[in-house]
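Geometric and topological summary
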Amino acid sequence: FEIGRALGGHPADAVVVMLYTEQQFRDITQAPEWAGGVYDGRIRIPGAGAAQSPQLFERVLVHELTHAMIAKLAPRGIPAWLHEGLAQHFEGDGADEARRRLKAIGQTIPLRSLQRSFAGLGAAEAQVAYDESLVAVDTILQRPGFNWARLFRALSENTRTESTFASFGIGYSDLEAEFAR
């Protein structure tokens, strides 16, 4: 309920969760090795983690549930970096650690390059992309009373993502400045 309350809505229909063996998960989803789950209209995750590490399994499930809820609230127009940053936030990742990693490596990827799925990224690039996403979302979360539902609606109705954020007073350059802080 926390996710829906924070994002300003709950899906009207059920979210389907599919559990697989690790091999089935890799074969069916073709997900990169670094991926712990996938949301493609259904949540798909390897089920072995539930018994081996219940806390990690719960984090992956919450991460993918966040993707499902965002997709139900705004079926198009949400950039991958926003999806991933929110998913990490709700699974409990802290932005301070992401900031430390970004500062330590001194490498960044422009947010406009992170509009689409991270699936084609290698493990090191994916870590940078996820860290930037979390820091960007954390920066937005610092704004009191931010209306996520309104942003999702605006992004769904407009193909100019960067200018849509700017209309909310959120410049990509401002978010990217946080990566080096």
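The structure presented is a predicted model; accordingly, all values stated were derived computationally and were not measured.

The rules behind these values
Residues numbered from 1 in each chain as written. Predicted model: local features only at pLDDT ≥ 70, side-chain atom pairs only at ≥ 80, totals over all residues. Heavy atoms only, no water. Helix = DSSP H or I, 4+ residues; strand = E, 2+ residues; numbered from the N terminus. Rg over C-alpha atoms; globule rule 2.2 N^0.38 Å. Buried < 20%, exposed > 50% of the residue type's maximum accessible area, 1.4 Å probe, protein only. Contact = heavy atoms within 4.5 Å. Areas by Shrake-Rupley, 256 points an atom, 1.4 Å probe, with all protein chains shown as cover. Lys, Arg positive; Asp, Glu negative; His and termini not counted. Charge placed at Lys NZ, Arg CZ, Asp CG, Glu CD. Pairing = 2+ DSSP bridges. Axes fitted to C-alpha atoms, helices over the stretch in contact; angles between N-to-C directions. Parallel < 35°, antiparallel > 145°, perpendicular 65-115°, else oblique. Nonpolar A, V, L, I, M, F, W, Y, C, P; charged D, E, K, R; others polar. Salt bridge = Lys/Arg side-chain N within 4 Å of Asp/Glu carboxyl O.

So, on to the overall build of the protein chain. For the protein chain, the helix and strand inventory stands at 10 helices and 3 strands. In summary, the protein chain has a C-alpha radius of gyration of 16 Å against a globular reference of 16 Å for 181 residues, a match within 12%. The principal-axis extent of the C-alpha atoms belonging to the protein chain is close to 45 × 40 × 25 Å. For the protein chain, buried positions account for 44% of its 181 residues. Taking as baseline every contact in the protein chain between residues at least 6 positions apart, the subset at least 24 positions apart corresponds to 71%. For the protein chain, the exposed surface amounts to about 9,600 Å²; the carbon and sulfur share of it is 51%. Both charge centroids of the protein chain, one from 18 positive and one from 22 negative side chains, sit 6 Å from each other.

Spatial strand order, β1-β3-β2: 3 strands in an open sheet with mixed pairing. Lying at the two open borders of the sheet, with one neighbouring strand each, are β1 (17–20) and β2 (38–39). Where β2 lies against strand β3 (residues 43–46), 2 bridges are found, and the strand directions are antiparallel. Among the inter-strand pairings, Val38 is bridged to a residue of β3, identified as Arg44. The strands touched by helix α2 (residues 22–29) within the sheet are β1, β2 and β3, with β3 carrying the most contacts at an inclination of about 140°. Here helix α4 (residues 54–73) sits on the sheet and contacts β1, β2 and β3; the angle it forms with β3, its principal contact strand, is near 165°.

What follows covers the packing of helix α5 (residues 80–91) against helix α7 (residues 123–141). When two helices pack together, their arrangement is given by the angle between the helix axes and the distance between those axes. Orientation of α5 relative to α7, taken along the N-to-C sense of each, is 75°, at an axis distance of 7 Å. Classified by the interaxial angle, the pair formed by α5 and α7 is roughly perpendicular. Facing Trp81, Leu82, Glu84, Gly85, Leu86, Gln88 and His89 of α5, the residues of α7 in contact are Tyr130, Ser133, Leu134, Ala136, Val137, Ile140 and Leu141. When grouped by side-chain class, the residues that make up the contact of α5 with α7 number 9 nonpolar, 4 polar and 1 charged.

With that settled, consider the pattern of salt bridges. In the structure shown here, the tally under the stated rule is 12 salt bridges. A salt bridge links Asp93 to Arg59; its shortest N-O distance comes to 2.0 Å. One end of the pair, Asp93, is in the loop between α5 and α6 (95–105); the other, Arg59, is in helix α4, with 34 residues separating them in the sequence. The partly exposed category is assigned to Asp93, whose relative accessible area is 25%. Among the salt bridges present, the one from Glu97 reaches Arg100, with a minimum N-O distance of 3.0 Å. Taken as a pair, Glu97 and Arg100 lie in helix α6 at a separation of 3 residues, close to a single helical turn. What you see here is one network of salt bridges that share partners, running through Asp96, Arg99, Asp138 and Glu178.

The phi dihedral of Gln30 is positive, around 60°, even though this residue is not glycine. Turning to its location among the elements, Gln30 is positioned in the loop between α2 and β2. On the accessibility criterion, Gln30 (62% relative accessible area) is exposed.

Purely spatial values, then, with no claim about function.
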